[in-house]
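Summary of structural features
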Amino acid sequence: TQLLEQSPQFLSIQEGENLTVYCNSSSVFSSLQWYRQEPGEGPVLLVTVVTGGEVKKLKRLTFQFGDARKDSSLHITAAQPGDTGLYLCAGARRETSGSRLTFGEGTQLTVNP
Amino acid sequence: DVKVTQSSRYLVKRTGEKVFLECVQDMDHENMFWYRQDPGLGLRLIYFSYDVKMKEKGDIPEGYSVSREKKERFSLILESASTNQTSMYLCASRPDPYQPQHFGDGTRLSIL
């Protein structure tokens, strides 16, 4: 059973379009992280959100943590080919041993020029 | 910058072999992790370690063991490799449970 569900799994869009990726769970998380992974490399942290309702912006990327801390979204405005990659959400629950992370399945984004 | 180095980018082994994957971090991090990454399944935790000589099973430990004799090095061992262990293996480290994880570039392991 996947604790964190990401949607969509695949997304192919044209340069300049907007998109949203969703990360949903029935569990409450103490924090949620978003990573981006490019081919041949490990995931790289983009942002951590910790407060319910929190919104963080990273240039054209906007991250939101749900009020109940069970879900999150990543919105990209005016996507560029350099945004292409695998986007992963990961939730931390303090009650788990070592506050370990649970990862979603990932969203493979392709931005075509 | 944190550097997490995995010893091999690509590795090909045969069924039944004992396989060692090595990971070294240079930031004196307490916690280290081994994940495997498969299409459509995301990252799944195999084992993690709080500190030297300490280890804890993750979600899919069967067929694997780990060793952490020194703080900077965390080794993943496939006791008797099988074809269903063909995967991308990722190592990560972090200073404490409240900080994000830093990942290596992965080892793509093929078991023939």
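About the cut-offs
- Residues numbered from 1 in each chain as written.
- Chains lettered and ligands numbered in written order.
- Predicted model: local features only at pLDDT ≥ 70, side-chain atom pairs only at ≥ 80, totals over all residues.
- Heavy atoms only, no water.
- 1 Å grid on protein atoms, 1.4 Å probe; cavity = no way out; pocket = protein on both sides within 12 Å on 5 of 7 lines; lining within 4 Å.
- Points joined across faces, edges and corners; volume = space filled by probe spheres on them.
- Nonpolar A, V, L, I, M, F, W, Y, C, P; charged D, E, K, R; others polar.
- Salt bridge = Lys/Arg side-chain N within 4 Å of Asp/Glu carboxyl O.
- Helix = DSSP H or I, 4+ residues; strand = E, 2+ residues; numbered from the N terminus.
- Contact = heavy atoms within 4.5 Å.
- Buried area = accessible area lost by both parts, 1.4 Å probe.
- Polar contact = N/O pair within 3.5 Å; in protein donor to acceptor, adjacent residues only side chain to side chain.

What follows deals with the layout of surface pockets. Approximately 520 Å³ is the volume found for the largest pocket. Here the residues of the lining of the largest pocket are counted per class, giving six nonpolar, twelve polar and seven charged.

Turning our eyes to something else, we now look at the pattern of salt bridges. The tally for this structure, following the rule as stated, stands at eleven salt bridges over all chains. By sharing partners, the salt bridges in this structure join Asp28, Glu30 and Lys71 of chain B into a single network.

Right, let's get into the environment of threonine 15 of chain B. Summarising the element assignment, threonine 15 of chain B is placed in the loop between strand E2 (10-13) and strand E3 (19-25). Distance from threonine 15 of chain B to glutamate 79 of chain B, taken between C-alpha atoms, is 11 Å for residues 64 residues apart in sequence.

Here we come to the interface of chain B and chain A. At the interface, 23 residues of chain B touch 21 residues of chain A. Taking both partners together, chain B and chain A bury about 1700 Å²; carbon and sulfur atoms supply 49% of that area. Broken down residue by residue, the surface that chain B buries against chain A is led by Leu43, Pro100 and Phe103 of chain B, which jointly contribute 23%. Inspection of the chain B/chain A interface yields one salt bridge. Close ionic contact of aspartate 59 of chain B with arginine 100 of chain A constitutes a salt bridge, the shortest N to O distance being 2.6 Å. Viewed at the interface, chain A and chain B are joined by six residue pairs in polar contact (both at pLDDT 80 or more). Of all the secondary-structure elements, those providing two or more residues to the side of chain B that touches chain A are strand E4 (31-38), strand E5 (42-49), strand E6 (56-57) and strand E9 (87-94) of chain B. When residues of the side of chain B that touches chain A are assigned to their parent elements, the largest contribution, four residues, is made by E5 of chain B.

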